[in-house]
Structure formats: C-alpha cells, structure tokens
Amino acid sequence: MLSVLRVHLPSDIPIVGCELTPYVLSRRPNKDKSVISEDVPESAPVDGYFLRYKWYRIQSDKKVAICSIHPSEQATLQCLGCVKAKIPVAKSYHCSPKCFSDAWQHHRALHERAASVVNENGNDEEEIFGRFNSTGSGVINASLTPSQSSGSLANGTTPLYPAAVTQRSDGETWFEVGRAKTYTPTADDIGHVLKFECVVVDAETKLPVGPASTILTSRVIPAPCPTPRRMFSVSGVHIPGHLDLDGRLSPSGTFTVLSYNILSDAYATNELYSYCPSWALSWTYRRHNLLREIVGYRADIVCLQEVQSNHFEEFFAPELDKHGYQALFKRKTAEVFSGSINNIDGCATFFRRDRFSHVKKYEVEFNKAAQSLTDAVVPIAQKKTALNRLVKDNVALIVVLEAKFSNQGVDNPGKRQLVCVANTHVNVQQELRDVKLWQVHTLLKGLEKIAASADIPMLVCGDFNSMPGSAPHTLLALGKVDPMHPDLAVDPLGILRPPTKLTHQLPLVSAYSSFARMGVGLGLEQQRRRMDPNTNEPLFTNCTRDFIGTHDYIFYSADSLTVESLLELLDEESLRKDTALPSPEWSSDHIALLAEFRCKPRTRR
C-alpha cells in the first residue's frame, strides 16, 4: 500500500501572498518499495491509492496583532502616535517595550515623514508602489464566520467553496481553507497557525487508509511593507499625481526606465546573508516581494540583472506579461559555470506593449569578444592564460524599441521615435580591473556602431560592479580614461594599451547625477545628502554587511534625452537600524534605480 514517510515545509513561517508547497515523501507499494517525492493525485493513482491534501486555519476567539518589527511575534503594545498620524496601523504594533525602544529611531522617522507629507500636500498622498503593499491593519478578528473568512478563497487548483468548521474546542476553531497540495495564505490567515494534512486514500472507496500525516506552521505574517519611495522631478517637486489612475504614464512624450539587480536565488545563500531571516531569503518569498516592487514602480522599460533562466521562463515573463510587458532575455554563457543550467542567470529586459514595440535585439557575449581579441593580439603561448583571465561569462542585452507615444514639440511627427536600451552585468571580481574596463569598452563600441547607423537615443543600464570614479565609470561618464588612472596599472595582457584607445563618442550622462544639478526644492537637500559630492553618484546602490557602495547606474545620451524625474534614494534611516540588504522588506542586496526621460525635439536634417 502507498504510504507517507515524511512531510515538511521549506520554511515554517508562512507569509501572506507567498505560496506554501510542502515536501511529501512517500513509498510505492511495489517490490522494491521505491521512495518518491512526486504527487500522487486522484487522477493518477498508484496501485489503487492516491494522496489527499487539506489545509486548516486555527483561529482563536481572541483578537491577534502582529509585531511590526518581529512579524513572527504577537504584539503586546501599540504606538498611539501612529494612529493619530494616520500611519498604517500595522506599523504601530510591537512585541515588547524593548522592541519599541530599539526601533524608535526608525519608528520616529515614520512620524516625521507622515507629518511632512501632510504639511507639503495638506492631505494624505499615495506614493510610488505604496498601494501595492497594503497588508491591512495587522489585527485579526477571529470571530468571523466561515463565509466571511473565505469569501475570496481560491487556492491551488480547487474551485471556490465555503470553508468547513471541522473542530471547535478550548476557544479555538479549525476552518478548512484549502484542498490542494499548495496553499497561499491570505490576509484572513494573519496571526493564525495553519495545519497541513496529507492522507492516503483508497481510489475505489474514496476513504482514508491509515493515519494522516500533519504539520503545523508558525503564525502567518503579513508581507513586510518597505517604506514607499517617492519620485522627484528635476525641479525638486514631489510628483505623486504624475501617474494616471491605471498606473501608466500619460502620453506626454515621457517614459520611465528601471534598472535593478534582483539577486539570483543561486547566490542568495544563508552563508552569504546570515543576517537575513531564512524565510525572507527563500525564493518562494523573494519572488513575490520582488514582483510587487517591480510592478509597483510601473516603469515603461524594466532592466533586470541576475535573473535565473528558469525564473525568467516560469515566473517573471508570465507574471509581467499579465501587467502588459513583453519580455526579452539573454542568459550568461555557460563556459565557466558548473551545476544546473537553470541556475545560470542573465539580463532580462521588459517593456510595455502599449508604450513600445520591439524593433531589434542584439546580444553581446563578452566570451566571444575575448576569443576574437586573443586570436588577434595575444601570442599563441599566452593564449590559454589570456582566455582564463578574460572568459568570465558576462553578457549584455541590447534592445531597439519604437515608441508608440507622441513626442511633444517635434516638428517632424512622421519620423519614428526609436530608443536603444542596453542592459548588462559586468564581471564582479574586484581584482580583474582590466577585465571590467575591457567589457565596458567592448559594450560601448558596439553601441557606437548602432548610434552611427541611426539617429537614436541611448540608455545604458545595469550592474557594472564598478565604483564611481573607477576606470569603467569614468569611461562611461567622460568618454575617456586618463592614462594615469590607477586602474590602468592592472593590465597583465596589455589589452588596455594604448590608453588613448579607451574612448567613445556617445554623449552619456549618469541619470542620478541630475540630483546634484537640481535647484532648490522640497526633499532635494535630503537627496543630496545621499549623493557623493565628488562623483555626483549615489552613496550606495549595493548594501550588505560586508560592502556598501555604488555599482548600478542608468546612463543616457544627453543630446537626445532629458531627465524629468528620479526615484528617491535610500539612506541608512530608510533601512531598518543595524540591518543590511537583503531584508524582509527589500528582497535584493541592491536597490532599484528609476528615471523618467523625455525625448528632445529633433531638428530637420
């Protein structure tokens, strides 16, 4: 007879909106009694038996509130100042006086921000992606009737059905909430324990055979809600009303571009990020949190780095398709990779189908360029050494798009408005300064060829793994590198010589340097404090326990584009005290960059 050997969950802390898929190990009733982890549904029984699943919610008659700092803990006190300031009530709960005291510096910033919002606007404002992260009050009334608590239930592949009260004793009620192997907790589950039950069933009689295998979760917690990030126009005015009601930009000739290294699951290990709770580091949680954030920015063009092949195909492409995005992907080459091919990450570019159409795609494989370079300039005796240094798997994805919106002020409206978007992830090894610079130079030379063939604005986005002032950043921003730059001292293969060849003719400018050029405006001084005055770049876009600095940029061609607005930068006050990325609120070790551009009117030629 089919038997269940073991049932467990990847994480025992369930989060609203993040599906729970238990691992069920069973033994076949054959001669060798083989052990399997595959599902055995009623439609495909094994020797007359199948597995039946049920999920239950255990509700107490008492009201439950969840700590805003430690969401797995029940709250014991509430900040009434939050209630008066109209801060989401879930942020007002704390599990102990020490918890409230330790979090006060960050918590006080919420009060100050709420006060400044009222002072600036006279009323509450909806900020960038804030409305996509509503988690309710954090208070659960456990006396809801079954119909009230499951009216919107749709879990797994099971159709809607009224929840069944299976047991009531000692002030607890057990509601049946799911009949599929996978269950996605809802807001109704917050603060409650879930129970998963798996039982072997006779396919003929439809009756259970033997005892059920069960497992209890911890209390369901709401998805942590990061502080919403605001957009600032170049004039320094906060512009929450710039977006129309369905979240798309008005057809005014402007468009937004997002660049974001989302941290591949293959790299998100407990060893590297031991400070992040394991449940918040799991891909099951992170993918939903990242999707909420990305969709909430409502960008017209989205450039993501460190997107795993399987995650692109199975999650991001189909999910963003639901939000109107077309997807393109370039996986890193596999020469230096060992392991599952699904774990190979790459660059993914998405664009809104109602704003742009796809014209052309170029793929840059730096390994192929390395092979060509070594064949041309490296002596045969050194070729193996040269390839070992240059072949690092990095790629770039270049996409040419045609705008579907009008460009106000253009005196030749019949001409197509094209935009070229490059999305790249440069080699991470800090000691390979020559390789980083060579990769960036190779990309820029490719973009120069595209620019020479068409009158087209350029956007260069990505994680360049290069600090402001480094040779790769200098080449991007200034179009050349000083021969005395210290990075040029590392060139064992001679691939950077002569330094005079390290140039390009693209008029590129870093979008975030616009903060330094802005005039006086609300919030601008705060943004400037988050900028490096020497380089006019953000103080950080990558923040872990071991490193804090800027590696991510959005460059644009200043002769054909102007920056209209920028997404505000984070600072250490925006991040919870003594923490680093990733965290329960922010699911990558990088922060997203978002810029709004307008195409400059073009003159007749």
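Above this text is the structure in question.
Residues numbered from 1 in each chain as written. Predicted model: local features only at pLDDT ≥ 70, side-chain atom pairs only at ≥ 80, totals over all residues. Heavy atoms only, no water.

K.L.:
Looking at this structure, how should I read the overall build of the protein chain?
P.N.:
Along the protein chain, the regular secondary structure elements total 13 helices and 29 strands. Within the protein chain, counting contacts between residues at least 6 apart in sequence, those at least 24 apart form 74% of the total. Per element, the accessible surface of the protein chain, about 26600 Å² overall, is 52% carbon and sulfur. (Helix = DSSP H or I, 4+ residues; strand = E, 2+ residues; numbered from the N terminus. Contact = heavy atoms within 4.5 Å. Areas by Shrake-Rupley, 256 points an atom, 1.4 Å probe, with all protein chains shown as cover.)

K.L.:
What am I meant to see in the sheet that holds strand β1 (residues 3-8) here?
P.N.:
Pairing between sheet strands relies on hydrogen bonds along the backbone, with the strands arranged either parallel or antiparallel. Overall, antiparallel pairing links the three strands, which are arranged β1-β2-β3 in an open sheet. Looking at which strands have only one partner, the edges of the open sheet turn out to be β1 and β3 (35-36). As defined by bridge partners, β1 adjoins strand β2 (residues 23-27) across five bridges and the pair is classed as antiparallel. In the strand pairing of β2, Val-4 is matched with Ser-26. (Pairing = 2+ DSSP bridges.)

K.L.:
Would you mind showing me how to read the layout of surface pockets here?
P.N.:
If a probe the size of a water molecule is rolled over the atoms, the empty space left behind becomes visible. The volume enclosed by the second largest pocket comes to roughly 740 Å³. In terms of lining residues, the second largest pocket is bounded by 31 residues, among which Tyr-267, Glu-306, His-425, Val-428 and Asn-465 are the most central. For the lining of the second largest pocket, the residue count by class is eleven nonpolar, eleven polar and nine charged. (1 Å grid on protein atoms, 1.4 Å probe; cavity = no way out; pocket = protein on both sides within 12 Å on 5 of 7 lines; lining within 4 Å. Points joined across faces, edges and corners; volume = space filled by probe spheres on them. Nonpolar A, V, L, I, M, F, W, Y, C, P; charged D, E, K, R; others polar.)

K.L.:
Hey, could you run me through unusual backbone geometry in this one?
P.N.:
Backbone geometry follows two general trends: most residues other than glycine have a negative phi, and most peptide bonds adopt the trans configuration. The peptide bond linking Arg-497 to Pro-498 adopts the cis configuration, its omega dihedral lying at -10°. Looking at where Pro-498 falls in the secondary structure, it is placed in the loop between α11 (471-478) and β22 (508-510). Here Leu-581 and Pro-582 are connected by a cis peptide whose omega angle stands at 0°. With respect to the helices and strands, Pro-582 occurs in the loop between β28 (561-567) and β29 (593-599).

K.L.:
Help me understand the sheet that holds β22 in this model?
P.N.:
Read from one edge of the open sheet, six strands run β18-β19-β20-β21-β27-β22, paired in mixed fashion. Only two strands of the sheet have a single neighbouring strand rather than two, namely β18 (356-365) and β22. Neighbour-to-neighbour, the strand axes of this sheet turn through a mean angle of 20°, independent of strand direction. Across the sheet, helix α10 (residues 433-453) lies against β18, β19 (395-403), β20 (418-425), β21 (458-463) and β22, angled at about 160° from β21, the strand it touches most. Sheet strands touched by α11: β21, β22 and β27 (552-557). Its angle to β27, the strand with the most contacts, is close to 20°. (Axes fitted to C-alpha atoms, helices over the stretch in contact; angles between N-to-C directions.)

K.L.:
Looking at this structure, I do not really get the packing of helix α6 (residues 283-297) against helix α7 (residues 309-321). What am I missing?
P.N.:
Relative orientation and spacing of two packed helices are given, respectively, by the angle between their axes and the distance between those axes. Viewed as axis vectors pointing N to C, α6 and α7 meet at an angle of 35°, and their least axial separation amounts to 11 Å. At the point where α6 passes α7, the crossing takes the right-handed sense. Residue-level inspection shows Trp-283, Arg-287, His-288, Leu-291, Ile-294 and Val-295 of α6 in contact with α7, the latter providing His-311, Phe-315, Phe-316, Glu-319 and Leu-320. Per-class residue counts for the contact of α6 with α7 are seven nonpolar, two polar and two charged. (Left-handed = near helix turned anticlockwise from the far one by under 90°.)

K.L.:
What am I meant to see in helix α9 (residues 383-390) here?
P.N.:
One turn of the α-helix equals 3.6 residues, which is why residues spaced by three or four share an orientation. Residues of α9 that are buried: Ala-386, Leu-387, Arg-389 and Leu-390. For α9, the buried positions fall inside an angular range of 165° around the axis, keeping them on one side. Residues Lys-384, Thr-385 and Asn-388 are exposed on α9 and point more than 90 degrees away from its buried face. Tucked inside the fold, the buried residues of α9 contact α8 (366-377) and α10. (Buried < 20%, exposed > 50% of the residue type's maximum accessible area, 1.4 Å probe, protein only. Arc of directions from axis to C-beta.)

K.L.:
For this particular structure, what's the right way to read the state of the cysteines?
P.N.:
Covalently bonding the sulfur atom of one cysteine to the sulfur atom of another cysteine gives a disulfide. What the rule picks out here adds up to zero disulfides. Of the cysteine sulfurs around Cys-347, a residue in no disulfide, the closest is that of Cys-303, at 8.6 Å. (Disulfide = S-S within 2.5 Å.)

K.L.:
I tried to follow the side chain of Ser-309 on my own but got confused; where do I start?
P.N.:
By secondary structure assignment, the location of Ser-309 is in helix α7. A distance of 3.0 Å separates a polar side-chain atom of Ser-309 from the backbone oxygen of Ile-344. Once residues lying within four places of it in the same chain are set aside, the contact partners of Ser-309 are Phe-329, Arg-331, Ile-341, Asn-342 and Ile-344. (Polar contact = N/O pair within 3.5 Å; in protein donor to acceptor, adjacent residues only side chain to side chain.)

K.L.:
Is there a simple way to explain the packing of aromatic side chains in this structure?
P.N.:
To describe a pair of aromatic rings, you give the distance between the ring centres and the angle between the ring planes. One pass over the full model with this rule turns up 21 aromatic pairs. Judged by centre distance (4.9 Å) and plane angle (45°), the ring pair of Trp-55 and Phe-196 falls under tilted. One end of the pair, Trp-55, is in strand β4 (residues 49-60); the other, Phe-196, is in strand β11 (residues 193-202), with 141 residues separating them in the sequence. Note on accessibility: Trp-55 and Phe-196 belong to one class, buried. (Phe/Tyr/Trp six-rings, centres within 6.5 Å; stacked < 30°, edge-to-face > 60°.)

K.L.:
Would you mind showing me how to read the packing of α8 against α10 here?
P.N.:
Packing of α8 against α10 brings their axes to within 11 Å, and their N-to-C directions diverge by 100°. As summarised for this structure, α8 and α10 are arranged roughly perpendicular, according to the angle between their axes. Of the residues in α10, those in contact with Phe-366, Ala-369, Ala-370 and Leu-373 of α8 are Trp-438, Gln-439, Thr-442 and Leu-443. Per-class residue counts for the contact of α8 with α10 are six nonpolar, two polar and no charged. (Parallel < 35°, antiparallel > 145°, perpendicular 65-115°, else oblique.)

K.L.:
What is the right way to look at the pairing of β28 in this model?
P.N.:
Of all seven residues in β28, five are buried; the element is thus mostly enclosed. Pairing of strand β13 (residues 231-233) with β28, which is carried by three bridges, proceeds in the antiparallel orientation. Residue Ser-233 lies in a different strand from β28, and its bridge partner there is Ser-565. Of the pairings in the sheet, the one linking β28 to β29 comprises five bridges and is antiparallel in character. Counterpart to Ser-565 in the pairing with β29 is Glu-596.

K.L.:
Quick question: what am I supposed to make of the nonpolar core here?
P.N.:
The nonpolar side chains of a soluble globular protein tend to be buried, and buried together. Core analysis: the largest hydrophobic core is formed by 66 residues, its most contacted members being Phe-255, Ile-294, Ile-301, Phe-350, Phe-356, Leu-459 and Phe-597. For this core, the element with the most residues is α6, which contributes six residues. Apart from residues lying up to four places away in sequence, Phe-350 is in contact with Asp-300, Ile-301, Val-302, Leu-304, Phe-312, Phe-316, Ala-317, Leu-320, Tyr-325, Gln-326 and Ala-327. If you look at the next biggest cluster of nonpolar residues, it comprises 42 residues, including Val-364, Trp-438, Leu-506 and Leu-508. (Core = buried A, V, L, I, M, F, W, Y, C linked by side-chain atoms within 4.5 Å.)

These values are about where atoms sit, not about what they do.
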